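As a plain string of letters, each chain reads:
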Amino acid sequence: AELAEARKDERARLDKLLAELKPGDVRRGQVVFNSAKAQCIACHKVGYVGGTAGPDLTKIGSVRTERDLLESIVFPSASFVRSYEPVRVVTTDERTFNGVLKKDAPDEIIVVVAADKEERVPRADVASLTPS
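Quick notes on the rules
Residues numbered from 1 in each chain as written. Predicted model: local features only at pLDDT ≥ 70, side-chain atom pairs only at ≥ 80, totals over all residues. Heavy atoms only, no water. Pairing = 2+ DSSP bridges. Helix = DSSP H or I, 4+ residues; strand = E, 2+ residues; numbered from the N terminus. Axes fitted to C-alpha atoms, helices over the stretch in contact; angles between N-to-C directions. Core = buried A, V, L, I, M, F, W, Y, C linked by side-chain atoms within 4.5 Å. Buried < 20%, exposed > 50% of the residue type's maximum accessible area, 1.4 Å probe, protein only. Contact = heavy atoms within 4.5 Å. Polar contact = N/O pair within 3.5 Å; in protein donor to acceptor, adjacent residues only side chain to side chain.

## Concerning the sheet that holds strand β6 (residues 117-122)
No. 1: Taking strand neighbours across the sheet as the criterion, the five strands line up as β6-β5-β4-β3-β7 in an open arrangement whose pairing is antiparallel. On the outer flanks of this sheet lie β6 and β7 (126-131), each paired with one strand and no other. The average angle at which neighbouring strand axes cross in this sheet is 40°, direction not considered.
No. 2: As judged from the five bridges shared by strand β3 (residues 86-91) and strand β4 (residues 96-104), these two strands associate in the antiparallel manner. What sits directly across from V90, in β4, is T96.

Pasting the structure below:
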């Protein structure tokens, strides 16, 4: 019930923001996407430019609605693209890594912990692997 109540507030905020949105501007959006403050480009790719830690956004406008896109920006943890769900790995020596699972093999796992950093953990050293 508490989660439903919190989501209701999110929906109301999204409705308000949608009503106030000005028409899109590709150049202005590109500046924000590439900016040091937003850092979208560190994880996401558009065309041939950007990172691969997050989903490719090249054709995102053709598969998501304006509302979906706004929600992803305003409430980025509300939903995740399949295979980009965050995980928490705790090792047998009590190190903890939070990130996106890049590789889940019998011998090792690889967790993307930052746009430019991965952690390799031998499977024998994994104490737990849980959604984060």
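## So, the nonpolar core
For soluble globular proteins, nonpolar side chains are generally found buried alongside one another.
No. 1: Judged by nonpolar contacts, V87, V89, F97, I109, V111, V121 and V126 together constitute the single largest core of seven residues.
No. 2: Secondary-structure elements contributing two or more residues to this core are β3 and β5 (108-114).
No. 3: What V87 contacts, discounting residues up to four positions off in sequence, is F97, N98, G99, V100, L101, V111, L129, T130, P131 and S132.

## Overview of the environment of D93
No. 1: For D93, the position within the fold is in the loop between β3 and β4.
No. 2: Through-space distance from the C-alpha of D93 to that of S77 is 29 Å; in sequence the pair is 16 residues apart.
No. 3: There is a polar contact of 2.4 Å between the side chain of D93 and the side chain of T91.
No. 4: At a separation of 3.1 Å, a polar atom in the side chain of D93 contacts the side chain of R95.

## Focus: the side chain of E108
No. 1: Mapped onto the secondary structure, E108 falls in strand β5.
No. 2: Among the polar contacts made by the side chain of E108, one reaches the side chain of K103 at a distance of 2.9 Å.
No. 3: For E108, the side chain forms a polar contact with the side chain of R120, separated by 2.9 Å.
No. 4: Residues in contact with E108, not counting those within four places in the same chain, are K103, R120, V121, P122 and R123.

By themselves, these figures tell us nothing about what the structure is for.
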